[in-house]
Amino acid sequence: MLAGCQPKETPTGVAVKVERVISGQTLEVVDTSKPSALIERVRLLGIEAPDMKQQPWGTAAQEKLKQMIGGQIVLLESEGSTKDQFERTLAYVWKDGMLVNEQLVVEGYVYVPRSINNKYEQRLTNAQEFARLMGKGIWNPEKPMRLTPTEFRRQNR
């Protein structure tokens, strides 16, 4: 329903194979078009997944991402800065015309940080509002995620 309201995007980027899903926002991928294909870490742009120690949400986000794209070929679309402070490639991930980052938000597995300022900011913000209103995942009123991943890490150092 939500995707039908969004303008169609034609992403451009690099096709890679997902080797491993580390968390709800981090992958290990291989660019099989390169002769010496090395494993590279990728951080999904515009979202923040629950910390892996933040249960049950951390594991749920990781499992959902595995289910969506584990072992598959995906397209990585970069924007602006290409690496984060941990040397992970920053990218939007597309699978069969679906923006994976957005789908994780729609289903309530991850949230959108307040100041994201990116190409898909409106799409991600709309997706989060939908998940929040529908009480999906981390927004479930019966068992909401009470701390953002950043707040959780700060309290659990």
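Sequence positions are assigned chain by chain, starting from 1 and proceeding in written order. Where local features are concerned, this predicted model is filtered to residues with pLDDT of at least 70; where side-chain atom pairs are given and counted, the filter is 80 or more; whole-chain, interface and lining totals use all residues. Excluding hydrogens and water, the side-chain figures rest on all heavy atoms present in the structure.

### Concerning the overall build of the protein
Part 1 of the argument: Counting its secondary structure elements, the protein contains four helices and six strands.
Part 2 of the argument: When we talk radius of gyration, it's over C-alpha atoms, and the globule rule is simply 2.2 Å times the number of residues to the 0.38. For 157 residues, the compact-globule estimate of 2.2 N^0.38 gives 15 Å, and the protein sits close to it at 15 Å.
Part 3 of the argument: Looking at the protein residue by residue over its 157 residues, the buried ones come to 45%.
Part 4 of the argument: Two residues form a contact once any of their heavy atoms are found within 4.5 Å. In the protein, 61% of the contacts between residues at least 6 apart in sequence involve partners at least 24 apart.
Part 5 of the argument: Reported accessibility uses the Shrake-Rupley method at a 1.4 Å probe radius. Residues are deemed covered only where the shown protein chains occlude them. Counting every atom, the protein has about 8,900 Å² of accessible surface; 50% of that belongs to carbon and sulfur.
Part 6 of the argument: We count Lys and Arg on the positive side and Asp and Glu on the negative side, and we leave His and both chain ends out. By convention, charge coordinates are those of NZ in Lys, CZ in Arg, CG in Asp, or CD in Glu. Charged side chains of the protein number 22 positive and 19 negative; the gap between the two group centres comes to 4 Å. In this description a helix means any DSSP run of H or I spanning at least four residues, a strand means any run of E spanning at least two, and both kinds are numbered starting from the N terminus. Under the scheme applied here, a residue whose accessible area is under 20% of the maximum for its type counts as buried, over 50% as exposed, and between as partly exposed, the area being computed with a 1.4 Å probe on protein chains only.

### What about the pairing of strand β3 (residues 39–44)?
Part 1 of the argument: One ladder, built from five bridges, connects strand β2 (residues 26–30) with β3; its direction is antiparallel. In the strand pairing of β3, V30 is matched with I39. DSSP-based pairing: two strands are paired if at least 2 bridges between them are found.

### Here's the deal with the packing of aromatic side chains
Part 1 of the argument: What counts as a ring pair is set by centres within 6.5 Å for rings of Phe, Tyr and Trp (its six-membered ring), and what kind of pair is set by the plane angle: stacked under 30 degrees, edge-to-face over 60, tilted for all other angles. Inspection of the entire model under this criterion finds two aromatic pairs.
Part 2 of the argument: Note on Y92 and Y120: the rings are 4.7 Å apart at their centroids and 90 degrees apart in plane angle, and the pair reads as edge-to-face. In this pair, Y92 sits in strand β5 (residues 89–95) while Y120 sits in the loop between α2 (100–106) and α3 (121–134), placing the two residues 28 residues apart along the sequence.
Part 3 of the argument: Judged by relative accessible area, which is 0%, Y92 ranks as buried.
Part 4 of the argument: Classification of Y120 as buried rests on a relative accessible area of 1%.
Part 5 of the argument: Each residue in the set Y92, W94 and Y120 is aromatic and connected to the rest through ring pairs, giving one cluster.

### A look at α3
Part 1 of the argument: What a helix is expected to span follows from its residue count: subtract one and scale by 1.5 Å. Across its 14 residues, α3 extends 20 Å between first and last C-alpha, which sits within 8% of the 20 Å expected from 1.5 Å per residue.
Part 2 of the argument: Residues R123, L124, A127, Q128, F130 and A131 constitute the buried set of α3. Buried residues in α3, looked at end-on, bunch into an arc of 160 degrees, giving them a common side. Exposed positions of α3 whose direction lies more than 90 degrees from the buried face are Q122 and L133.
Part 3 of the argument: Trailing α3 by a residue or two, G135 shows a phi angle of about 65 degrees, which is positive. To obtain the arc, one takes the directions from the helix axis to the C-beta atoms.

### A look at the nonpolar core
Part 1 of the argument: Working definition of a nonpolar core: buried Ala, Val, Leu, Ile, Met, Phe, Trp, Tyr and Cys residues. They are joined through side-chain atoms within 4.5 Å. Residues L27, I69, L76, V93, V100 and L104 are the most contacted members of the largest nonpolar core, which totals 32 residues.
Part 2 of the argument: Sorting elements by how many residues they give to this core places β5 first, with five residues.
Part 3 of the argument: Once you skip the residues sitting within four places of it in the chain, L76 turns out to touch T12, G13, V14, V16, V29, V42, A91, Y92 and V93.

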